[in-house]
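Each chain, letter by letter, is given below.
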Amino acid sequence: MNLESLGIKKINSGACIGGKKWIDCSKNKSFTSYSPGSLDRISDVQIADKAIYSDIVLASQKAFKSWRMLPAPKRGELIYQISLKLRQHKDSLGSLISYEMGKIKSEGDGEVQEMIDLADFAVGLSRQLYGLTMHSERPNHRMYEQWHPLGIVGVITAFNFPMAVWAWNAFIAAVCGDVVIWKPSLKTPLCAIAVQNICNEVLIENGYKGIFNLIIGEDSNIGEEIVSDRRIPLISATGSTKMGKIVAQKVGSRLGKTILELGGNNGIIVDEDSNLDLVIPAIVFGAVGTAGQRCTSTRRVFIHKNQFNLISNKLVAAYKQVKIGDPLLPDTLMGPLIDKDAVNGYLNAIENALSQGGELLYGGSKLESLKGSFVEPAIIKAESHFEIVKQETFAPILYLIEYENMDEAIKEHNNVSQGLSSSIFTNNVINSEKFLSAMGSDCGIANVNIGTSGAEIGGAFGGEKDTGGGRESGSDSWKAYMRRQTNTVNWSLDLPLAQGIKFNLE
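An account of the accompanying structure is given in this report.

Each value, and the rule that gives it
- Residues numbered from 1 in each chain as written.
- Predicted model: local features only at pLDDT ≥ 70, side-chain atom pairs only at ≥ 80, totals over all residues.
- Heavy atoms only, no water.
- Core = buried A, V, L, I, M, F, W, Y, C linked by side-chain atoms within 4.5 Å.
- Buried < 20%, exposed > 50% of the residue type's maximum accessible area, 1.4 Å probe, protein only.
- Helix = DSSP H or I, 4+ residues; strand = E, 2+ residues; numbered from the N terminus.
- Contact = heavy atoms within 4.5 Å.
- 1 Å grid on protein atoms, 1.4 Å probe; cavity = no way out; pocket = protein on both sides within 12 Å on 5 of 7 lines; lining within 4 Å.
- Points joined across faces, edges and corners; volume = space filled by probe spheres on them.
- Nonpolar A, V, L, I, M, F, W, Y, C, P; charged D, E, K, R; others polar.
- Salt bridge = Lys/Arg side-chain N within 4 Å of Asp/Glu carboxyl O.
- Phe/Tyr/Trp six-rings, centres within 6.5 Å; stacked < 30°, edge-to-face > 60°.
- Lys NZ or Arg CZ within 6 Å of the ring centre and 35° of its normal.

Grouped together as the largest cluster of nonpolar side chains are 150 residues, with contacts concentrated most on Trp166, Phe171 and Phe212. At 11 residues, helix α5 (residues 164-175) tops the list of elements feeding residues into this core. Aside from chain neighbours lying at most four places away, what touches Trp166 is Met115, Val155, Thr157, Phe171, Val180, Trp182, Val195, Cys199 and Phe212.

Quick look at the structure:
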């Protein structure tokens with residue numbers, strides 16, 4: 001593929017103040033990005049150090065002082081221009097995602113489209129940063145609330161969505177008047193560099209500096225600096241629950257704000273009267289898409305005992321049709337896992353499931369015939385109390401679990417520490433409404449007759465419990481990137497106190 005069109009070189013700097021030249025990182029150590037599908041060496045990245053980090057923060061602080069005073073619709077205009085560049089480079093960006101991360105080309109293109117859609121949303125949002133007006137209890141007083149930008153937003157992203165999750169945060173934060181420092185995953189740094197190059201073009205064309213900034217470095221070094229830095233009031237972090245707890249503790253110790261998008265152990269309940277023409281493809285895409293490396297991937301399916309054999313047989317038959325291989329080829333349905341560690345995690349999870357009493361119905365092996373980190377998607381008959389079933393394994397492993405009645409299914413569905421995405425397939429309005437009610441799914445996302453994976457940008461995205469409680473993207477998620485201010489204006493000639501308090505001075 002043509003990496004030069006995206007500004008990817010054989011050796012790349014790992015740090016940039018947006019709108020300026022890339023920072024010289026040549027004195028620092030470098031690492032190589034490999035394609036998980038072919039194990040090809042793509043290119044090298046020189047990582048940043050603490051001194052470079054300090055320069056980027058200072059530049060971001062300076063940029064914020066003027067950016068926050070630019071009218072929000074003008075900020076939206078900048079995002080619109082970035083969206084035009086994304087449209088122009090959609091095919092190349094989608095291919096880069098597929099090449100460096102391993103998801104199939106259509107999913108890579110879909111991720112870029114998600115960025116474009118989010119940009120369009122942010123442009124509209126730039127004219128809708130509304131505050132409320134309240135009636136004061138005091139005569140001739142006016143009360144209202146307004147929203148101000150926070151400052152620098154630190155965005156820490158994971159490998160599985162190496163571009164889109166940045167856009168969820170960066171585009172919304174920018175129209176809110178914030179500036180962004182992005183620390184991407186070391187597993188997919190080239191995707192971040194390509195996006196930064198596009199941002200740089202637009203920033204330079206418009207005469208802005210320091211709005212979107214990039215720093216590529218190690219978690220123990222740069223990551224530690226970002227989460228501990230009091231100059232960064234908000235940290236948005238996507239990753240494992242283990243990582244999120246560390247971030248929450250460090251940011252919380254300085255009373256900073258966090259948006260945490262962490263693990264998901266997503267389940268689907270299949271009702272007795274469900275439409276299997278919808279059920280089977282939804283489960284297969286949810287479990288196999290992105291090789292099971294989405295935070296919304298389907299991992300548990302609860303099937304009524306009367307239909308268990310029928311549905312499990314249909315799923316096995318569908319899995320046999322999944323073509324595994326080069327993610328850039330149009331007929332491939334599942335690409336590789338991200339690396340060897342992910343393959344080992346997949347194999348260990350299957351071994352644990354079988355040792356705990358699970359029954360392997362399909363797959364379960366590394367594909368030695370293929371050069372990269374390829375595995376067979378696995379289907380395992382399991383029980384909800386298995387410890388491995390309660391854990392999130394970032395791989396294409398699907399657990400099928402029998403249930404007898406809907407109340408039992410909902411109880412067992414909720415009996416995990418994660419709470420991101422959930423679904424029920426049913427034609428029974430009572431069961432669908434129960435699933436969506438306060439006694440139903442305890443997840444941040446609950447769907448009826450669609451799968452767990454593939455959320456739209458218009459709704460707030462995020463989950464409960466060990467998923468972290470954060471919300472990104474649509475709805476009113478923008479409020480997390482701003483500070484609320486309540487204002488009272490006295491336009492009378494008196495000074496009455498609230499609650500009728502009398503305080504008379506002679």
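Having seen it, we continue.
With that settled, the discussion passes to empty space enclosed by the protein. Scanning the entire structure with this criterion turns up one cavity of 30 Å³ or more. Estimates place the volume of the largest cavity at around 40 Å³. Lining the largest cavity we find Asn265, Arg299, Val389, Gln391, Thr393, Ile397 and Tyr399. Its residues placed into classes, the lining of the largest cavity shows three nonpolar, three polar and one charged.

Time to look at the environment of Met243. Among the secondary structure elements, Met243 is positioned in helix α8 (residues 241-253). Note: C-alpha distance between Met243 and Leu260 (17 residues apart in sequence) is 9.7 Å. The contact partners of Met243, leaving out residues within four places of it in the chain, are Ala237 and Thr238.

On to the pattern of salt bridges. One pass over the full model with this rule turns up 24 salt bridges. The shortest N-O distance in the salt bridge between Asp229 and Arg231 comes to 2.9 Å. In this structure Asp229 comes out as buried when scored by relative accessible area, which is 8%. We note a salt bridge from Lys479 to Asp476, for which the minimum N-O separation is 3.9 Å. Lys479 sits in the partly exposed class, given a relative accessible area of 28%. One network of salt bridges, in which partners are shared, links Lys85, Glu201 and Glu205.

So, about the packing of aromatic side chains. Tallied over the full model, the rule gives eight aromatic pairs. Ring centres of Phe159 and Phe394 lie 6.0 Å apart, and the angle between their planes is 85 degrees; on these two criteria the pair is classed as edge-to-face. One end of the pair, Phe159, is in the loop between β7 (152-156) and α5; the other, Phe394, is in the loop between β15 (378-381) and β16 (397-403), with 235 residues separating them in the sequence. Given the relative accessible area of 11%, Phe159 is considered buried. We classify Phe394 as partly exposed; its relative accessible area is 25%. Taken together, a centroid distance of 5.1 Å and an interplanar angle of 25 degrees make the contact between Trp166 and Trp182 stacked. Taken together, the positions of Trp166 in helix α5 and Trp182 in strand β8 (residues 179-183) put the pair 16 residues apart, joining distant regions of the chain. Across this residue pair, the class does not change: Trp166 and Trp182 are buried. Here Lys103 stacks its cationic end above the ring of Phe161, 3.6 Å away from the centre of that ring.

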